[in-house]
Amino acid sequence: MKQAVHSPDATQWPIIEDRLSQGCAALGLTPTPEQRVRLVAFLGLLVRWNQAYNLTAVRDPLEMVAKHLLDSLAIAPFLFGETVLDVGTGAGLPGLPLAILAPERRFWLLDSNNKKVRFVRQAVLELGLTNVEPVQSRIETYRPGRKFSTIVSRAVAAESVLPVLTADLCDRPGRLLLMKGRADEASDDTAWAALNPSVHRLTIPFLDAPRHLIELRSD
């Protein structure tokens, strides 16, 4: 049975905004008032488009605050350099929340799914983000002619991210960041584990689920 869509009414938005503010504070982040407005506006777009395009299995906007916004923003301290490639961005996660929080960086949001890239393009337009470039391509064939300071991927299998290494897309020095649930998910892939990555445990406010960041440095 299809899960019901929850569209927030006017009384719910202050609760959503308050949860976002509390969560950012718990993460040690201090978004500006304009950035907070954009983060909430992004969530509103995601809720609206999700009704027609099924971009995410999470339907409750309040639940989206922790599972999408705060989960994405939690890796902000690990970003490195001026250019960021988000591999398998889906509905713009974690790329769009991070781009809102870090306007000084340039972000490329890569996905092969047409409807998801269309959503990202629309979000970039409506949110007025000048530091984001949506790209529709498969990582195996993506050859942008440049390297990236940070490459990040969320909820993508480790073996699917490995082509960024063989394609030499990560700059030196650079960071490859893989967002996972359990700490042992990366070690399930022999090729990835052989690279001896660092594992960081993340605590996401309002989310009672394991979250870890697998970090590989190309120093």
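Residues numbered from 1 in each chain as written. Predicted model: local features only at pLDDT ≥ 70, side-chain atom pairs only at ≥ 80, totals over all residues. Heavy atoms only, no water.

A. Just the sheet that holds strand S7 (residues 211-217), in detail. Across the sheet, which stays open at both edges, the 7 strands sit in the order S3-S2-S1-S4-S5-S7-S6 with mixed pairing between neighbours. Two strands bound the open sheet, and with one partner strand each, they are strand S3 (132-136) and strand S6 (198-202). Each adjacent strand pair in this sheet contributes to an overall mean axis angle of 20 degrees, direction not counted. In the sheet, strand S1 (residues 83-87) pairs with strand S4 (residues 148-154) via 4 bridges, with the strands oriented parallel. Along S4, the bridge assignment pairs Val87 with Ser153. (Pairing = 2+ DSSP bridges. Helix = DSSP H or I, 4+ residues; strand = E, 2+ residues; numbered from the N terminus. Axes fitted to C-alpha atoms, helices over the stretch in contact; angles between N-to-C directions.)

B. Spatial organisation of the layout of surface pockets. In this model, the largest pocket occupies a volume close to 340 Å³. Together, 20 residues line the largest pocket, and His68, Leu93, Arg154, Ala155 and Val156 are the ones closest to its centre. Elements that contribute at least two residues to the lining of the largest pocket include exactly helix H3 (61-73), strand S5 (170-180) and S7. Residue composition of the lining of the largest pocket, grouped by class: 7 nonpolar, 7 polar and 6 charged. (1 Å grid on protein atoms, 1.4 Å probe; cavity = no way out; pocket = protein on both sides within 12 Å on 5 of 7 lines; lining within 4 Å. Points joined across faces, edges and corners; volume = space filled by probe spheres on them. Nonpolar A, V, L, I, M, F, W, Y, C, P; charged D, E, K, R; others polar.)

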